[in-house]
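# Summary of the model geometry
What follows is each chain in one-letter form.
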Amino acid sequence: MQPLRGVTVVALEQAIAAPYASRQLADLGARVIKVERPGTGDFARAYDSRVKGLSSHFVWANRGKESLTLDIKDPRGKELLLRLVAGADVFLQNLAPGAAARAGLGAEELRARHPGLIVCDVSGYGSPGPYAGRKAYDLLVQAESGLLSVTGTPEEAAKAGIPVSDIAAGMYAYSSVLAALLERGRTGLGTHLDVSMLEATVEWMGFPLYYAYDGAEPPPRAGAAHATIHPYGPFTAGDGKTVLMAVQNEREWRGFCTVFLGRPELADHPHYATNADRDRHREALGALVADRFAELTSAEAIALLGAVPVANARVNTLAEVWDHPQLAARGRLHEVATPAGPVAAMAPPGPSTATPRMDAVPALGEHTRTILGELGLSGAAVDALVAEGVA
């Protein structure tokens, strides 16, 4: 299933946000040409060496792409990039604020030359605005967006364990490009997309923002528990394993009291009759629930919760996720090639009736000669550019 076959994306990208967006496009069949610095490439290649000597970040966000090395500060490199963009459907970039425009790769300039081109700029804060020139990294945007203020324990804020602001921006860039391709199919015209990490993350902050609307108290930081629904969070069973459970409504609460706690009278207790009551008295109720979990093994607790039924989950380690029985049953784990050999990879969510496109993670500059040859350069000309550090 490759609905984007025939679509060419030129990506002047680094780190996570833009590469994550372009990887989604590659998974759907687009040809993604990733433009990297000669010699060093995308700096995410050097974040770590956890995947057979390769960077975990890079392997995750860059499968299915072709790597072209070009020094766009050299006039020859810039001219080659512009020739590539002229034949592309999408130009995606997340350089430092203002760098693309200074290099003559701004949306207005490119679209004046190529009205059908979709230009997608991904940045920390977008432009214009007082923060337009600021550098932004994931954790900084988690702070600016208010995410840190609602994540963690009452004593200490904590960042999300994944680069959620990068991912949010990447997914909005991806969906916006898809929408722009549909619109271009109707009108023949491209567009300029300006996706900011701040706006993407603030959109995902919708519930806490509205909870604190008009100066109201924000939801408290509650660790791994839900901030405003109770009981909803992790509890330790008698065998030391952790089970996360979630009571979502009054019907479930009554069943939970009867089947799991064995105390049906608690369902109508004035301290626990509604979620608001339970939230106000979460410390006392949490102690009651914790005592009951301590009497059971994790398997027994999960069985009783399922009998209510109340939603529950194991708190898995990352090793357990790789071996998750649901992922295995649905055939979601595949292999992708890398310069260090094949590695496991998750199929993209969504399509289930066709083999997904999951092409290799490229070595730095692996496709430089092929791509420049497509632009008409001879082998000798490419050799000269490589020797001079331009390609």
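These numbers were taken from a predicted model, which means no experiment stands behind them. (Residues numbered from 1 in each chain as written. Predicted model: local features only at pLDDT ≥ 70, side-chain atom pairs only at ≥ 80, totals over all residues. Heavy atoms only, no water.)

### Comments concerning the overall build of the protein
- Of the regular secondary structure elements, the protein holds 18 helices and eleven strands.
- Its C-alpha atoms put the protein at 85 × 50 × 40 Å along the principal axes.
- In the protein, buried positions account for 43% of the 391 residues.
- Counting only contacts in the protein whose residues sit at least 6 apart along the sequence, the fraction spanning at least 24 positions is 65%.
- Accessible surface computed for the protein: about 19,300 Å², of which carbon and sulfur atoms make up 56%.
- Of the side-chain charges in the protein, 36 are positive and 43 negative, and the distance between the mean point of each set is 5 Å. (Helix = DSSP H or I, 4+ residues; strand = E, 2+ residues; numbered from the N terminus. Buried < 20%, exposed > 50% of the residue type's maximum accessible area, 1.4 Å probe, protein only. Contact = heavy atoms within 4.5 Å. Areas by Shrake-Rupley, 256 points an atom, 1.4 Å probe, with all protein chains shown as cover. Lys, Arg positive; Asp, Glu negative; His and termini not counted. Charge placed at Lys NZ, Arg CZ, Asp CG, Glu CD.)

### Let's talk about the sheet that holds strand β8 (residues 242-246)
- One open sheet accounts for three strands, arranged β7-β8-β9; its pairing is antiparallel. Looking at which strands have only one partner, the edges of the open sheet turn out to be β7 (232-236) and β9 (311-314). Neighbour to neighbour, the strand axes of the sheet diverge by 25° on average, direction disregarded.
- In this structure, β7 lies alongside β8, joined through five bridges in antiparallel fashion. Bridge pairing links Phe235 to Val243 in β8. (Pairing = 2+ DSSP bridges. Axes fitted to C-alpha atoms, helices over the stretch in contact; angles between N-to-C directions.)

### Some words on the pairing of strand β5 (residues 118-123)
- The buried fraction of β5 is high, at six of six residues.
- Here four bridges tie strand β4 (residues 90-93) to β5, and the two strands are oriented parallel to one another. Looking across to β5, one finds that Leu92 is bridged to Cys120.
- In this structure, β5 lies alongside strand β6 (residues 192-196), joined through five bridges in parallel fashion. If you follow Asp121 over to β6, its bridge partner there is Asp194.

### Let's talk about the packing of helix α11 (residues 250-261) against helix α14 (residues 298-307)
- Contact pair α11 / α14: the axes reach a minimum separation of 9 Å and the direction vectors enclose 140°. In terms of orientation, α11 and α14 fall into the oblique class. The crossing of α11 and α14 is right-handed. Mapping the contact onto sequence places Phe256, Val259 and Phe260 in α11 and Ala301, Leu304, Leu305 and Ala307 in α14.
- Looking at the contact of α11 with α14 residue by residue, the classes come out as seven nonpolar, no polar and no charged. (Parallel < 35°, antiparallel > 145°, perpendicular 65-115°, else oblique. Left-handed = near helix turned anticlockwise from the far one by under 90°. Nonpolar A, V, L, I, M, F, W, Y, C, P; charged D, E, K, R; others polar.)

Just geometry here; none of it tells us what the structure is for.
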